[in-house]
Each structure stands twice: as structure tokens, then as C-alpha cells.
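Structure assessment
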Amino acid sequence: MQIYRTALNETEQKAYDIIKPRLDGLGTILVLKEENGRIRLDIVSADPKQTNAVLEDVCGEAAKATSCAFDVTVSESHVGLK
């Protein structure tokens, strides 16, 4: 499943524009949905620890820009791992 920026509302687009570039190569956004002042962000990653470290900083930045709180879930992907 891929997130298309054009399908997002204005608040979601702000968050996407901040988060997506920092996740490049680390994880894939599966869900980015704003509702009632909160943004749900679900990510799949081969390295959840590293992805979580990046998300701590970037979600704080996105929270300030969007005035929303974030609910983040990072799941481990085993695709391509041996």
C-alpha cells in the first residue's frame, strides 16, 4: 500500500512533507490519517529502532507544524531479510 500525497488533506500533506524525506530508505508509510487533532502514522521498517530514533525528532517537528498530536506505530518488516 502506498500513500499518495494528493489523496491527503492539507494537514496530512504538511505532516507527509516533513516526515517522508526523513524516512527515505528507513521505512514505508502505510497509514497517515488526521482526525480530531491527532495524526495516526503507521510505518513498516526493516530497522524499527533506527526508524523510531528518526521519528522522535521528525514527529516533534511535524506536530508543531500541524498543531496535532501523533500516534505512531512502527512494525518490523522481514521482507528481503535472511
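A brief look at the structure comes next. From a predicted model like this one, the values you see are computed outputs, not experimental measurements. (Residues numbered from 1 in each chain as written. Predicted model: local features only at pLDDT ≥ 70, side-chain atom pairs only at ≥ 80, totals over all residues. Heavy atoms only, no water.)

1. Describing helix H1 (residues 10-23)
Helix length check: H1, at 14 residues, gives a terminal C-alpha distance of 20 Å against a target of 20 Å (1.5 Å per residue), a fit within 8%. The largest bend in H1 comes to about 30°, at Tyr 16. Within H1, burial applies to Glu 12, Gln 13, Ala 15, Tyr 16, Ile 18, Ile 19 and Leu 23. Of the surrounding secondary structure, the elements contacted by the buried residues of H1 are strand S1 (27-35), strand S2 (38-45), helix H2 (48-66) and strand S3 (69-76). The opening residue of H1, the one whose side-chain oxygen lies 3.0 Å from the backbone nitrogen of Thr 11, is Asn 9. One or two positions beyond H1, positive phi appears at Gly 25, with a value near 85°. (Helix = DSSP H or I, 4+ residues; strand = E, 2+ residues; numbered from the N terminus. Expected span 1.5 Å × (residues − 1). Bend = angle between axes of the 7 residues up to and from the residue. Buried < 20%, exposed > 50% of the residue type's maximum accessible area, 1.4 Å probe, protein only. Contact = heavy atoms within 4.5 Å. Polar contact = N/O pair within 3.5 Å; in protein donor to acceptor, adjacent residues only side chain to side chain.)

2. Notes on the pairing of S3
By the bridge criterion, 8 bridges tie S2 to S3 in an arrangement that is parallel. Bridging from a neighbouring strand, Asp 42 pairs with Thr 73 of S3. The β-α-β motif built from S2, the intervening H2 and the parallel element S3 has right-handed crossover chirality. (Pairing = 2+ DSSP bridges. Right-handed = clockwise from strand over helix to strand, strands pointing away.)

3. Let's talk about unusual backbone geometry
Residue Asn 36 is not a glycine yet carries a positive backbone phi of 55°. Residue position: Asn 36 is located in the loop between S1 and S2. Residue classification places Asn 36 among the exposed positions, given a relative accessible area of 71%.

4. So, the state of the cysteines
Scanning all chains against the criterion turns up 0 disulfides. Unpaired in this structure, Cys 59 has its nearest cysteine sulfur neighbour in Cys 68, at a distance of 12 Å. Cys 68 sits in the buried class, given a relative accessible area of 8%. (Disulfide = S-S within 2.5 Å.)

5. Some details on the environment of Ile 18
With respect to the secondary-structure elements, Ile 18 resides in helix H1. Given the relative accessible area of 17%, Ile 18 is considered buried. Once the C-alpha coordinates of Ile 18 and Val 58 are considered, the two residues, 40 residues apart in sequence, prove to be 7.1 Å apart. Residues contacting Ile 18, with those up to four places away along its chain left out, are Val 58, Glu 61, Ala 62 and Ala 65.

6. Focus: the pattern of salt bridges
One pass over the structure, following the stated rule, counts 5 salt bridges. A salt bridge links Arg 22 to Glu 61; its shortest N-O distance comes to 3.5 Å. Of the two residues, Arg 22 is situated in helix H1 and Glu 61 in helix H2; the sequence distance between them amounts to 39 residues. With a relative accessible area of 43%, Glu 61 lands in the partly exposed category. Of the charged contacts in the structure, one is a salt bridge between Arg 40 and Asp 42, with a shortest N-O distance of 2.5 Å. Of the residues examined, Arg 40 reaches a relative accessible area of 44% and is grouped as partly exposed. (Salt bridge = Lys/Arg side-chain N within 4 Å of Asp/Glu carboxyl O.)

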